[in-house]
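Residues per chain, in single letters:
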Amino acid sequence: MKVAYWSYLLIFCGLILATACKDEPRKVVTTAPITFTKEGSLSLFKGETDSLITRLDIEIAEGEYETQTGLMYRESMEQGQGMLFVFPEEAYHSFYMKNTRFPLDIIYIDRDSVVASIIKDAQPLQEESLPSTQPVMFVLEVNAGLSEAWGLQEGDRIQFTRE
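A short tour of the structure in this document, coming up. Bear in mind the structure is a predicted one, so any value in this text is a computation, not a measurement.

The rules behind these values
Residues numbered from 1 in each chain as written. Predicted model: local features only at pLDDT ≥ 70, side-chain atom pairs only at ≥ 80, totals over all residues. Heavy atoms only, no water. Helix = DSSP H or I, 4+ residues; strand = E, 2+ residues; numbered from the N terminus. Buried < 20%, exposed > 50% of the residue type's maximum accessible area, 1.4 Å probe, protein only. Contact = heavy atoms within 4.5 Å. Areas by Shrake-Rupley, 256 points an atom, 1.4 Å probe, with all protein chains shown as cover. Pairing = 2+ DSSP bridges. Axes fitted to C-alpha atoms, helices over the stretch in contact; angles between N-to-C directions. Core = buried A, V, L, I, M, F, W, Y, C linked by side-chain atoms within 4.5 Å. Salt bridge = Lys/Arg side-chain N within 4 Å of Asp/Glu carboxyl O.

### So, the overall build of the protein chain
The secondary structure content of the protein chain amounts to three helices and nine strands. Within the protein chain, buried positions represent 37% of all 163 residues. For the protein chain, the proportion of contacts with a sequence separation of at least 24, taken over those separated by at least 6, is 68%. In the structure as shown, the protein chain presents an accessible area of about 10,600 Å², 54% of it carried by carbon and sulfur atoms.

What follows is the structure, encoded as structure tokens:
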């Protein structure tokens, strides 16, 4: 009787394994691309002359999820666009390029809206820490090369409005 029981159990387990290992077509999961959502406008001004450098449409990242995710998983951003991170208080902040698929300039801005430091040409998918050199309240991310093209420097300032 014991032998018959084990034989039936082996046959039953074999049938389960055979049906569980069936080749079924893989399900393809597609996700919609994350697109830019204009939430405000930002102007950059020369610190010494107060002359306008450029204007950008901005997406605003505030709150824990938005500031941690930022531009991750996006394929690109238009030249006239940027993402402004707004933090509740001034502090040292550090960014990295994990899951960010295109190069960026990262502009650290203090509570007085003055550019404190600039990380130029941060490369995609890198996990190296890119810290601010002093406490900041805002961080502006734009396509790599734009801060150089604009001649942006420490001491220049921003002004933004929400829509």
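### Regarding the environment of Pro124
Along the chain, the position of Pro124 falls in the loop between β6 (115-122) and β7 (130-131). Residues Pro124 and Met72, 52 residues apart in the sequence, show an inter-C-alpha distance of 9.7 Å. Beyond its immediate chain neighbours, meaning those up to four positions away, Pro124 contacts Met97, Thr100, Arg101, Phe102 and Pro103.

### Quick look at unusual backbone geometry
Even without a glycine there, the phi angle at Asn99 is positive, about 60°. Counting through the fold element by element, Asn99 comes out in the loop between β4 (94-95) and β5 (104-109). Here the phi dihedral of Asp121 falls at roughly 55°; this positive angle occurs in a residue that is not glycine. Topologically, Asp121 is positioned in strand β6.

### Re the sheet that holds strand β1 (residues 40-45)
Strand order in the open sheet made by the seven strands is β6-β5-β8-β3-β2-β1-β9, with mixed pairing throughout. Edge positions in the sheet fall to β6 and β9 (157-162), since each has one partner strand and no second. Pairs of neighbouring strands in the sheet enclose a mean axial angle of 30°, with direction left out of account. Pairing analysis gives six bridges linking β5 to strand β8 (residues 136-143), with the strands arranged antiparallel. Looking across to β8, one finds that Ile109 is bridged to Phe138.

### Points about the nonpolar core
Ranked by size, the top nonpolar core spans 20 residues in total, and within it Leu42, Leu84, Ile107 and Leu140 carry the most contacts. Counting residues per element, the ones that place at least two in this core are β1, β2 (52-61), β3 (81-91), β5, β6, β8 and α3 (146-150). Not counting residues within four places of it along the chain, the set of residues in contact with Leu42 comprises Thr54, Arg55, Leu56, Ile58, Leu84, Leu140, Ile158, Gln159 and Phe160. One finds Ala61, Leu71, Phe87 and Tyr108 within the second-largest nonpolar core, a separate group that totals 17 residues.

### As for the pattern of salt bridges
Applying the stated rule across the entire model yields nine salt bridges. Among the ionic pairs, Asp57 bridges to Lys38, the shortest N-O distance being 3.1 Å. Of the two residues, Asp57 is situated in strand β2 and Lys38 in the loop between α1 (2-20) and β1; the sequence distance between them amounts to 19 residues. A relative accessible area of 30% places Asp57 in the partly exposed class. A salt bridge links Glu59 to Arg74; the nearest nitrogen and oxygen atoms lie 2.9 Å apart.

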